[in-house]
Amino acid sequence: MPSALEAVRRIELAEIREARARIASAIVRTPLVRLELGPDYPDVRLKLENLQPINAYKLRGAVNAVLLLPDSERKRGVWTISAGNAGQGIAYAARQAGVPCTVVVIETAPASKIERMKALGARLVPVPFDVAWKALEERSFPGIEGTLVHPFDDHNFIAGHGTMGLEILEDAPDTAAVIASIGGGGLITGVGSALKALKPEINVWGVEPETAAPAALSFAAGSPQVFTAWTPSFVDGAGGRSVFPRMWQRMTPIVDGYIVVSLEETRRAMRLMAEKARIIAEGAGALPLAAALTGKAGQGPIVAIVSGGNIDLKKFCELIGSAAG
């Protein structure tokens, strides 16, 4: 590890509000829309982060983190590790700041994410998932220069995501529960920090795919765990091999519970959003709706965060075509 890390501390509401002003010109205040499912289903509203300029929520945290870097660190250029969405966010923020960006990218990332990172000017270093996960843990990669902006274990990155929580409660103050996908844990920590500060009684749920569910395993065990049965799937934007101890420390006071959904439930959620609301969601973006439909988060109002829509269209059509109607 290249240097000592700042101790984990709470994301303060004031920091989130400051982040909101800081990133306002770069992000979209995304809509919150009701998904009309009928009386036999929970009341679900969709927070459409797939409508951000990079088609994913990561832009919020990336812009905030890059803007808050000291000039000396930002001028060295920035780099990150990503399956695609964080890479796009950092590349976008780096381009705005006029500095170079390198992304250590998981080699199986969808072509749409790869092409978008290239279009934003990022230099890509493709690596296998295991190598990328090791780099995330060690916060270093051989031959990479510049300042690391960690894609989830970064206080300012997380505070940027918290701006979404402010919008949710402004648009739907009656929200009873919010569900967010978990990859590294930055999204749910940021959003949950805002929600719990403003409405402590709200329930914050995390969701993972059955093929990669270390957070649910950690919750059951009461400590951060490695998910030894991890297997890759089309849900490339969520579900890691393990929960980092620092992220577990962040999530524990904020997250009320974890839901694990099957890949088939995820495909059905992708199809349902496409049919009912004409929304294209990637696998991770569909997990919260899949979780809401299990009934485990209650009858609502539930906000399901559609975290991204970066998926190759051919793959999207294959997945929803194979989903049960």
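Computed from a prediction, not measured in an experiment: that's the story for all the values here.

### Some points on the packing of aromatic side chains
Argument step 1. Evaluation of the coordinates by the stated rule reveals six aromatic pairs.
Argument step 2. When the ring of F219 is compared with that of Y258, the centres are 5.2 Å apart and the planes differ by 55 degrees; the resulting orientation is tilted. Taken together, the residues span a long stretch of sequence, with F219 in helix α9 (residues 214–221) and Y258 in strand β9 (residues 257–261) at a distance of 39 residues.
Argument step 3. Following the ring pairs from residue to residue traces out a cluster consisting of F129, W133, F152, W230 and F244.
Argument step 4. Here the guanidinium or amino end of R95 rests over the ring plane of Y92, the centre of that ring lying 5.7 Å away.

### Some details on the packing of helix α4 (residues 85–97) against helix α5 (residues 111–119)
Argument step 1. Where α4 contacts α5, the axes come no closer than 9 Å and their chain directions differ by 10 degrees. Considered as vectors, α4 and α5 are oriented roughly parallel to each other. Remark: the crossing between α4 and α5 carries left-handed chirality. Here N85, G87, Q88 and R95 of α4 lie close against α5, whose contacting residues are K113, R116, M117 and A119.
Argument step 2. Looking at the contact of α4 with α5, its residues break down into two nonpolar, three polar and three charged.

### Some words on the sheet that holds strand β7 (residues 177–181)
Argument step 1. Overall, mixed pairing links the six strands, which are arranged β1-β2-β10-β7-β8-β9 in an open sheet. The two strands at the open ends of the sheet, each matched to only one other strand, are β1 (32–35) and β9. Across the sheet, the mean angle separating the axes of adjacent strands is 30 degrees when strand polarity is ignored.
Argument step 2. The strands that helix α8 (residues 186–198) touches are β7, β8 (203–209) and β10 (302–306); relative to β8, the one it contacts most, it runs at about 170 degrees.
Argument step 3. Where α9 meets the sheet, it contacts β8 and β9, and its direction lies at approximately 135 degrees from that of β9.

### Looking at the sheet that holds strand β3 (residues 78–82)
Argument step 1. An order of β5-β4-β3-β6 is seen for the four strands of this open sheet, with the pairing classed as parallel. Looking at strand neighbours, the two that pair on one side only are β5 (123–127) and β6 (147–148), the edges of this open sheet.
Argument step 2. As defined by bridge partners, β3 adjoins β6 across two bridges and the pair is classed as parallel. Paired with V78 across the strands is T147, a residue of β6.
Argument step 3. Packing of α4 onto the sheet brings it into contact with β3 and β4 (101–106), and relative to β3 it is tilted by some 165 degrees.

### Re the pattern of salt bridges
Argument step 1. Counted under the stated rule, the structure contains 23 salt bridges.
Argument step 2. Across the pair R34 and D43 runs a salt bridge, and its minimum N-O distance is 2.9 Å.
Argument step 3. R271 is the salt-bridge partner of E275, the closest N and O atoms lying 3.0 Å from each other. Here E275 and its partner R271 are both found in helix α11 (residues 263–277), four residues apart, which amounts to about one turn of the helix.
Argument step 4. On the basis of relative accessibility, which here comes to 23%, the residue R271 falls in the partly exposed class.
Argument step 5. Through salt bridges with shared partners, a single network forms among R20, R29, E170 and D171.

### Some details on the environment of M164
Argument step 1. Mapped onto the elements of the fold, M164 is located in helix α7 (residues 155–171).
Argument step 2. For the pair M164 and I16, spaced 148 residues apart in sequence, the C-alpha to C-alpha distance is 9.3 Å.
Argument step 3. Among all residues touching M164, those that are not within four sequence positions of it are K47, E49, Y57, R60, L187, V191 and I305.

### Examining α8
Argument step 1. Counted at 1.5 Å a residue, the expected span for α8 with its 13 residues is 18 Å, and the 19 Å between its end C-alpha atoms agrees.
Argument step 2. The buried fraction of α8 amounts to 11 of the 13 residues, a majority that puts the element mostly inside the structure.
Argument step 3. For α8, the complete set of buried residues consists of G186, L187, I188, T189, G190, V191, G192, S193, A194, L195 and K196.
Argument step 4. Elements in contact with the buried residues of α8: α1 (13–23), α7, β7, β8, α10 (245–251) and β10.

### A short note on unusual backbone geometry
Argument step 1. A cis amide bond links G300 with the next residue in sequence, P301, at an omega value of 0 degrees.
Argument step 2. Within the secondary structure, P301 is located in the loop between α12 (283–293) and β10.
Argument step 3. The backbone of N55 sits at a positive phi, close to 65 degrees, despite the residue not being glycine.
Argument step 4. Structurally, N55 can be placed in the loop between β2 (44–48) and α2 (58–67).
Argument step 5. By relative accessible area, which is 28% here, N55 ends up partly exposed.
Argument step 6. Here R278, not a glycine, exhibits a phi torsion of approximately 55 degrees, which is positive.
Argument step 7. By the element assignment, R278 lies in the loop between α11 and α12.

So, how was this worked out
- Residues numbered from 1 in each chain as written.
- Predicted model: local features only at pLDDT ≥ 70, side-chain atom pairs only at ≥ 80, totals over all residues.
- Heavy atoms only, no water.
- Phe/Tyr/Trp six-rings, centres within 6.5 Å; stacked < 30°, edge-to-face > 60°.
- Helix = DSSP H or I, 4+ residues; strand = E, 2+ residues; numbered from the N terminus.
- Lys NZ or Arg CZ within 6 Å of the ring centre and 35° of its normal.
- Axes fitted to C-alpha atoms, helices over the stretch in contact; angles between N-to-C directions.
- Parallel < 35°, antiparallel > 145°, perpendicular 65-115°, else oblique.
- Left-handed = near helix turned anticlockwise from the far one by under 90°.
- Contact = heavy atoms within 4.5 Å.
- Nonpolar A, V, L, I, M, F, W, Y, C, P; charged D, E, K, R; others polar.
- Pairing = 2+ DSSP bridges.
- Salt bridge = Lys/Arg side-chain N within 4 Å of Asp/Glu carboxyl O.
- Buried < 20%, exposed > 50% of the residue type's maximum accessible area, 1.4 Å probe, protein only.
- Expected span 1.5 Å × (residues − 1).

Any functional reading would require information beyond the geometric quantities listed.
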